[in-house]
Amino acid sequence: MKQVAYYKGCLASLSAKELDTSTRALAPKIGYELLELDSVTCCGAGDIHEAEPDYYLHLNARILAYAAATGSDRLMTVCNVCTLNLRQANHQLLNDAALRERVNDNLERVGAPRYETDVDCVHFLWLVAGESFPALRDVAHKGLRGLKIAPFYGCQILRPSKLMGFEDPDKPDSLERIITACGGEPIDYPAKIKCCGFPIIQAREDTALGELIQPIEQAKEAGADAIVTPCPLCHLSLDAWQSKLKKQTGKDFQMPILHLSQLIGVAAGLSDSELRFKRHVVSMEPVLQKLAL
Amino acid sequence: MKVELKIWRYDASTGERALRPYEVDVSEEATLLDTLDVVKDRLDGTLAYRKSCRMMICGSCGMRVDGGAVLACKTRIADIAADGHVPVVSAMGNLPIVKDLVVDMDPFWQKMQAIQPYLEPRLDRATEGENIVSREGMDAIHKESLCINCGCCVSECNSMESDPDFLGPAALAKGFRFVGDERDGATVERLERYSEEHGIWDCTRCYFCNERCPKGVDPRDAIAKLGAEAMKTGIDRDMGAKHAKWFVTSAKTTGWLRETELVPKTQGVVKAIKEIKFAMALLPKGKVPPPFPPHVAADVGESRALFDLVKTQGRDGAAGIIQGEKALGQLEHPGDAVDGPSHPYDDPRSFPKPYLPDDEEPAT
């Protein structure tokens, strides 16, 4: 069992609790012991990076410091936005000794641990599609009965690729490989690497909905039974804002949206209380019927 | 080297569109632009594309390869046609196509014009002699100054695809080039204007612009710098700015984002009330977590104290982003030491010693 520090971020703590429970249940099955971080805060999303960038750097340094304090050299995230924020801050700190020293002095002054031992921040997707991939087929023993799944990557797990670097940002295949290994059929469509509109869904709803409709409409046309995403922000907009698309365009897609941990979780036989599909806005019923669950 | 490629041909005057295959013989070193030249010279003289300098300076030859914008002169054909792959070449996105690979750049220039791409020094007196700008002052806008107006960043901009009036990454990056210039005297007016509808807060943070820029401008980062400068200057009435402010408030009060209050804090109470029906549908699914009791992170006092502390250290606004750029620059130039020379010409090693053609190696 490999130990990794686990940063669940804001959404998995609150509105996307189903992401947290399914991740926790799945982790030991694929060989990870998740080390809880109690004292951490929000990574700031892109928002604190834009509003108070120096504070953003310190918040993320503090998260990295608490992750290092667990003794693990890896911090696992389950959100694209957290991944970019933490990796961006981490790169700055690891490659600029003077900046790190200043940030560490500030952390120390407020009573937080200094960020001394280097930690690598990795997304759950990268662990599953990377080092744990050989074990996946056995873990996903129940399969997906050829369910047609449209992978939706979202933005900040692919770009900027110089910070992310796990796979080709224009031709990613990690989700497709996972879907196939779990016994599903990956559906291809152009918008799978585009934006869901979430960062501006409250401030610029029309623009955001113009982005959101693309993956849902294209996945539907390609015959997908459901969309899977590694990001809870993408999940929230794809799932909860479908009703707004219906209001705006008259199109009622009823496209079920899965968190990555739920997709693998279903194939791995996790329980209802771990998967918590009842917390989704768009019903998962058609998918569960196809799986005869 | 034999190369196969497909090109989307288009004629706006007739509306005809077709994907045509071509096969040509080019050298191993050939760029995509060289390859197009061969296609035009030997196979089809009607193929239309723009070119000029052939060395990544003029910004003329922006086009898409397999859906992603590149400079044709910066792209080796051997890299994009490797292992039998047949690349598909097409015109850039988000701009109207005139013919084949040529787009109408007028909307691009109009947006560039809208941000007033020139210095407004507003000197209150004539200076004697030169007005010298500090090295640090120019370093702060170095990245944005590298822009060659090629349009590659605009091509895949997701916000612009949805809202064609969005100023977009190129114009906004240019905007920071002037906002960040210590000689400019119109900073406040600029930030006001860029903060309007279709400006800074319309960016959806898809990061396609950073991915596509062939010159390392990182337009998304420039937009974040504009946002940071606007907030620092107190230009924060836009919903996007209020949205960002609520994240800061959340981080220093409860530690975690206070999700449910984000809506009224961003949109205002009146608009938020109109969203009640939408919220009620999400409520039973747990997607509207109750704000009370708040979900408070352990040791959140540290987070609040950190905020108060860093606010006294003078890294507000864009400076907070610029301070990390030397480290981030190493992603592209791994050899550059952060604490090394701040400018290539400061480093004596940057000048090769002269040597005679008969010498096997440069004299050391």
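Residues numbered from 1 in each chain as written. Chains lettered and ligands numbered in written order. Predicted model: local features only at pLDDT ≥ 70, side-chain atom pairs only at ≥ 80, totals over all residues.

Section: the domain arrangement of chain B
A common way to state how big an interface is: give the accessible area lost once the parts meet.
Residue and element names in this part refer to chain B.
Turning to step 1, where the next piece is worked out: For chain B, the assigned domains are domain 1 (2-103), domain 2 (137-232) and domain 3 (239-321).
Turning to step 2, where the next piece is worked out: Each of domain 1 and domain 2 has a C-alpha centre, and these two points are 28 Å apart.
Turning to step 3, where the next piece is worked out: Those elements that place two or more of their residues in the side of domain 1 that touches domain 2 are β3 (62-65) and β4 (68-71).
Turning to step 4, where the next piece is worked out: Residue contributions to the side of domain 1 that touches domain 2 peak at 4 residues, all from β4.
Turning to step 5, where the next piece is worked out: By residue class, the composition of the side of domain 1 that touches domain 2 is 8 nonpolar, 5 polar and 2 charged. (Domains from an automatic or database assignment. Helix = DSSP H or I, 4+ residues; strand = E, 2+ residues; numbered from the N terminus. Nonpolar A, V, L, I, M, F, W, Y, C, P; charged D, E, K, R; others polar.)

Topic: the nonpolar core
Turning to step 1, where the next piece is worked out: One finds Ile227(A), Val228(A), Ile264(A), Leu172(B), Leu226(B) and Phe247(B) to be the most contacted residues of the largest nonpolar core, which totals 189 residues.
Turning to step 2, where the next piece is worked out: Counting residues per element, this core draws most heavily on helix α4 (residues 53-69) of chain A, at 10 residues.
Turning to step 3, where the next piece is worked out: Residues contacting Leu172(B), with those up to four places away along its chain left out, are Leu167(B), Tyr194(B), Ile200(B), Pro219(B), Ala222(B), Ile223(B) and Leu226(B). (Core = buried A, V, L, I, M, F, W, Y, C linked by C-beta atoms within 7 Å. Buried ≥ 20, exposed ≤ 12 C-beta atoms within 10 Å, placed from the backbone. Contact = placed C-beta atoms within 7 Å.)

Observations concerning the domain arrangement of chain A
Residues and elements named next belong to chain A.
Turning to step 1, where the next piece is worked out: Looking at the assigned domains, one finds that chain A contains domain 1 (2-124) and domain 2 (135-290).
Turning to step 2, where the next piece is worked out: Each of domain 1 and domain 2 was reduced to a C-alpha centroid, and the two centroids are 24 Å apart.
Turning to step 3, where the next piece is worked out: Where the side of domain 1 that touches domain 2 is concerned, the elements lending two or more residues are α1 (9-13), α2 (17-26) and α5 (80-94).
Turning to step 4, where the next piece is worked out: It is α2 that contributes the most residues to the side of domain 1 that touches domain 2, 8 residues altogether.
Turning to step 5, where the next piece is worked out: In terms of residue class, the side of domain 1 that touches domain 2 is made up of 12 nonpolar, 11 polar and 4 charged.

Side note on the pairing of β4(B)
Residue and element names in this part refer to chain B.
Turning to step 1, where the next piece is worked out: As paired elements, β3 and β4 share 4 bridges and run antiparallel to each other. By the bridge assignment, Gly 62 is partnered in β4 with Leu 71.
Turning to step 2, where the next piece is worked out: Linking two consecutive strands that pair antiparallel, namely β3 and β4, is a turn of 2 residues; a positive phi of about 50 degrees is found at Asp 66 within it. (Pairing = 2+ DSSP bridges.)

Some details on the sheet that holds strand β4 (residues 120-123) of chain A
Hydrogen bonding along the main chain pairs the strands of a sheet, whether they run parallel or antiparallel.
Residues and elements named next belong to chain A.
Turning to step 1, where the next piece is worked out: Sheet architecture is open: 4 strands sit in the order β2-β1-β3-β4, paired in parallel fashion. The outermost strands of the open sheet, each flanked by one partner alone, are β2 (32-36) and β4. Sheet twist, expressed as the mean angle between neighbouring strand axes with direction ignored, is 40 degrees.
Turning to step 2, where the next piece is worked out: Those strands touched by α5 are β1 (2-7), β3 (74-77) and β4, and its axis lies near 160 degrees from that of β4. (Axes fitted to C-alpha atoms, helices over the stretch in contact; angles between N-to-C directions.)

Things to note about the interface of chain A and chain B
Turning to step 1, where the next piece is worked out: Facing 64 residues of chain A, the contacting portion of chain B comprises 69 residues.
Turning to step 2, where the next piece is worked out: Contributions of two or more residues to the side of chain A that touches chain B are made by α1, α3 (45-51), α4, α5, α6 (97-109), α9 (161-164), α11 (205-221) and α13 (242-249) of chain A.

Remarks on the sheet that holds strand β6 (residues 185-186) of chain A
Residues and elements named next belong to chain A.
Turning to step 1, where the next piece is worked out: One open sheet accounts for 4 strands, arranged β6-β5-β7-β8; its pairing is parallel. The open sheet has two edge strands, β6 and β8 (257-259), and neither has a second partner.
Turning to step 2, where the next piece is worked out: Of the pairings in the sheet, the one linking strand β5 (residues 148-151) to strand β7 (residues 226-229) comprises 3 bridges and is parallel in character. In the sheet register, Ala 150 faces β7, and the bridge partner there is Ile 227.

Structural notes on the packing of α2(A) against helix α14 (residues 260-268) of chain A
Residues and elements named next belong to chain A.
Turning to step 1, where the next piece is worked out: The N-to-C vectors of α2 and α14 enclose an angle of 50 degrees; their axes lie 9 Å apart at closest approach. Regarding the angle of α2 to α14, the classification is oblique. Crossing handedness for the pair α2 and α14: left-handed. Touching Glu 18, Leu 19, Ser 22, Thr 23, Ala 25 and Leu 26 of α2 are Ser 261, Gln 262, Ile 264, Gly 265 and Ala 268, all from α14.
Turning to step 2, where the next piece is worked out: Residues belonging to the contact of α2 with α14 are distributed by class as follows: 5 nonpolar, 5 polar and 1 charged. (Parallel < 35°, antiparallel > 145°, perpendicular 65-115°, else oblique. Left-handed = near helix turned anticlockwise from the far one by under 90°.)

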